[in-house]
Amino acid sequence: MPELMVQIGGAAVPLTDCFWVRADANGCAIGSVRPDMDDELIATPQQAQREWSTTKRQREVDERRGIQHVLLTAEQWTEQAKPCFHGKCSHRKAAAA
């Protein structure tokens, strides 16, 4: 099976080299999953959302809360998501102010 490629920031990247990030309304990463973590490939934001919100009701709550599911390269994940998981992101500092 050929490798699925995605366009991120103008560059073609193998989907399996990326991360789906679940972010709150402020953009703070609150979850992360690899596109090939399960037996099934996670190729869309909707599929990524189903990793966390398995019911329609949960997905509706996500939408009301402004939860987003964003595909990041490994480099973007390190720069943008990792600080959130370590409590060192600007999102938390802004929320505390």
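Attention here is on the structure that accompanies the text. (Residues numbered from 1 in each chain as written. Predicted model: local features only at pLDDT ≥ 70, side-chain atom pairs only at ≥ 80, totals over all residues. Heavy atoms only, no water.)

Two cysteines joined by a covalent bond between their sulfur atoms form a disulfide. Going through the model one piece at a time under the given rule, you end up with zero disulfides. Considering cysteine sulfurs only, Cys89 is the nearest to Cys28, which forms no disulfide, with 3.7 Å between them. (Disulfide = S-S within 2.5 Å.)

Read from one edge of the open sheet, three strands run 4-3-5, paired in antiparallel fashion. Looking at the sheet topology across the chains shown, the edges are occupied by strand 4 (29–33) and strand 5 (68–73). Recorded for the sheet is a direction-independent mean angle of 30° between the axes of neighbouring strands. Note that strand 3 (residues 18–23) and strand 5 share six bridges and pair antiparallel. (Pairing = 2+ DSSP bridges. Helix = DSSP H or I, 4+ residues; strand = E, 2+ residues; numbered from the N terminus. Axes fitted to C-alpha atoms, helices over the stretch in contact; angles between N-to-C directions.)

Covered by surrounding structure in strand 1 (residues 5–8) are Val6 and Ile8 only, the residues Met5 and Gln7 on the alternate face being uncovered. Looking at chain direction, strand 1 and strand 2 (residues 11–14) are connected through four bridges and run antiparallel. Looking at the pairing, Ile8 lines up with Ala11 of strand 2. Taking the residues that link successive antiparallel strands as the turn, the strand 1-strand 2 hairpin has two residues, and the phi of Gly9 there is positive, at about 60°. (Buried < 20%, exposed > 50% of the residue type's maximum accessible area, 1.4 Å probe, protein only.)

One pass over the structure, following the stated rule, counts two aromatic pairs. Aromatic pair Phe19 and Trp77: ring centres 5.1 Å apart, planes at 25°, arrangement stacked. Remark: Trp77 occurs in helix 3 (residues 74–85) and Phe19 occurs in strand 3; sequence separation between them is 58 residues. Classification of Trp77 by relative accessible area gives buried; the value is 18%. Ring pairs connect the aromatic residues Phe19, Trp77 and Phe85, which therefore count as one cluster. The ring of Phe19 carries Arg34 above its face, with NZ or CZ at 4.6 Å from the centroid. (Phe/Tyr/Trp six-rings, centres within 6.5 Å; stacked < 30°, edge-to-face > 60°. Lys NZ or Arg CZ within 6 Å of the ring centre and 35° of its normal.)

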